[in-house]
Amino acid sequence: MPSVFQDLRHGLRALASRPGVTVAAALSLGLAIGAQTSVYCLIDALFLRPPAGVTDAERLVAISALNHGVPVEDSIRYPDYLYYRDHNTNFTGLASHFNSGVAVADTEQAEELDAQVVSANYFSVLSVSPRVGRFFLPDEDDVPGRNPVVVLSDSFWQRRFASDPKCVGTVIRLNGFPFTIIGVGPSGFEGAKTGWPVDVFVPNMMAHIASPGLDLSSRNSARLDLIGRLTPGRTFEEAGAEMRGLASQVEAADAESRNSTGLFFSTLNGVHPQARPAAARFAQLLTATVACLLVIACANLSGLLLARNTNR
């Protein structure tokens, strides 16, 4: 250890004796390593990281429709979702969700919001708890148009209501329709879809307000993606095999009206599988760019050291 400390002191004295070289080397390597780290963080967010605030994400399964072998976002029909939800045995819960833009207008301001239409069990499947108030009750998602209730995201609650818990029970207008605020999502939670931050959540039975003209119960309306939470002791493969069997039953019952050729299963981490090829190309381009930047920084550092040695 004394020799290690002696080498460390010698190295520090050498760095201090040439502050210009030291600062230039530190800046070159710092910028290159910082850029490389940023790309790694981006790759983590695009492909590896589960949604913020979700509990036991390794037990969550994302389910999408397949169209000619390609996963397609928001393409499962609501009646099919109900069949899957009521007949599967491998999930403790199966929830649905899809994104829909909503215009919020009230007496104070008008603002474009990102809304997510979800099933009543969406939050329980993700195992998140409300920060204020409560989430949807099962009977609030049974009859179309009967229960105009809304849950706010934490970020929208802070931005629009200044984190005032008294907003629960008040009314906000979505597309001109009054919705009663019943709760606020947990801090950091912005929905289960990476890259689509959500301001408000509305139940499936109010989808015709969030997306005017949409009849979610129609077999011609395919708008959903699904999320399932595996029952303890069940595996991803078991759930996939059972859901494919149920999908075959649904296909056989209504083969004439559908283009889907099955279901696609993935983890809930990162962006939707449909968006991954484009995201992968973008990530590869950035990785190559910052790798070249790191090589240039190392070459600059080598030149500085060679110049310093020549001077000595």
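Cut-off values and rules
Residues numbered from 1 in each chain as written. Predicted model: local features only at pLDDT ≥ 70, side-chain atom pairs only at ≥ 80, totals over all residues. Heavy atoms only, no water. Helix = DSSP H or I, 4+ residues; strand = E, 2+ residues; numbered from the N terminus. Rg over C-alpha atoms; globule rule 2.2 N^0.38 Å. Contact = heavy atoms within 4.5 Å. Salt bridge = Lys/Arg side-chain N within 4 Å of Asp/Glu carboxyl O. Buried < 20%, exposed > 50% of the residue type's maximum accessible area, 1.4 Å probe, protein only. Phe/Tyr/Trp six-rings, centres within 6.5 Å; stacked < 30°, edge-to-face > 60°. Lys NZ or Arg CZ within 6 Å of the ring centre and 35° of its normal.

1. Section: the overall build of the protein chain
Part 1: Looking only at helices and strands, the protein chain features eight helices and twelve strands.
Part 2: Whereas a compact globule of 312 residues would reach a radius of gyration of roughly 20 Å, the protein chain reaches 26 Å, over 25% beyond that.
Part 3: Considered along the principal axes of its C-alpha atoms, the protein chain spans approximately 85 × 50 × 35 Å.
Part 4: Taking the intrachain contacts of the protein chain between residues at least 6 apart in sequence as the baseline, contacts between residues at least 24 apart amount to 77%.

2. Quick word on the pattern of salt bridges
Part 1: Applying the stated rule across the entire model yields ten salt bridges.
Part 2: The partner of Asp44 in a salt bridge is Arg49, with the nearest N and O atoms 3.0 Å apart.
Part 3: Overall, Arg49 belongs to the partly exposed group, its relative accessible area being 40%.
Part 4: One network of salt bridges, in which partners are shared, links Glu73, Asp74, Lys193 and Asp225.

3. Things to note about the packing of aromatic side chains
Part 1: Using the criterion set out here, one finds eleven aromatic pairs in the structure.
Part 2: Aromatic side chains Phe123 and Phe135 sit 3.9 Å apart centroid to centroid with 10° between the ring planes, which places their arrangement in the stacked category. Here Phe123, found in helix H4 (residues 122–126), pairs with Phe135, found in the loop between strand S6 (132–133) and strand S7 (149–152); they are twelve residues apart in sequence, far enough to count as distant.
Part 3: Look at Phe189 and Phe201: their rings are 5.9 Å apart centre to centre, the planes differ by 15°, and that puts the pair in the stacked class. Placement of the pair is Phe189 in the loop between strand S9 (177–184) and strand S10 (200–203) and Phe201 in strand S10, with a sequence separation of twelve residues. As far as burial versus exposure is concerned, Phe189 and Phe201 are alike and both buried.
Part 4: Grouped by ring-pair contacts, the aromatic residues Tyr122, Phe123, Phe135, Phe136, Phe189 and Phe201 constitute a single cluster.
Part 5: If you follow Arg160 out to its NZ or CZ, it ends over the ring of Phe161, 5.2 Å from the centre.

By themselves, these observations are geometric and do not establish any function.
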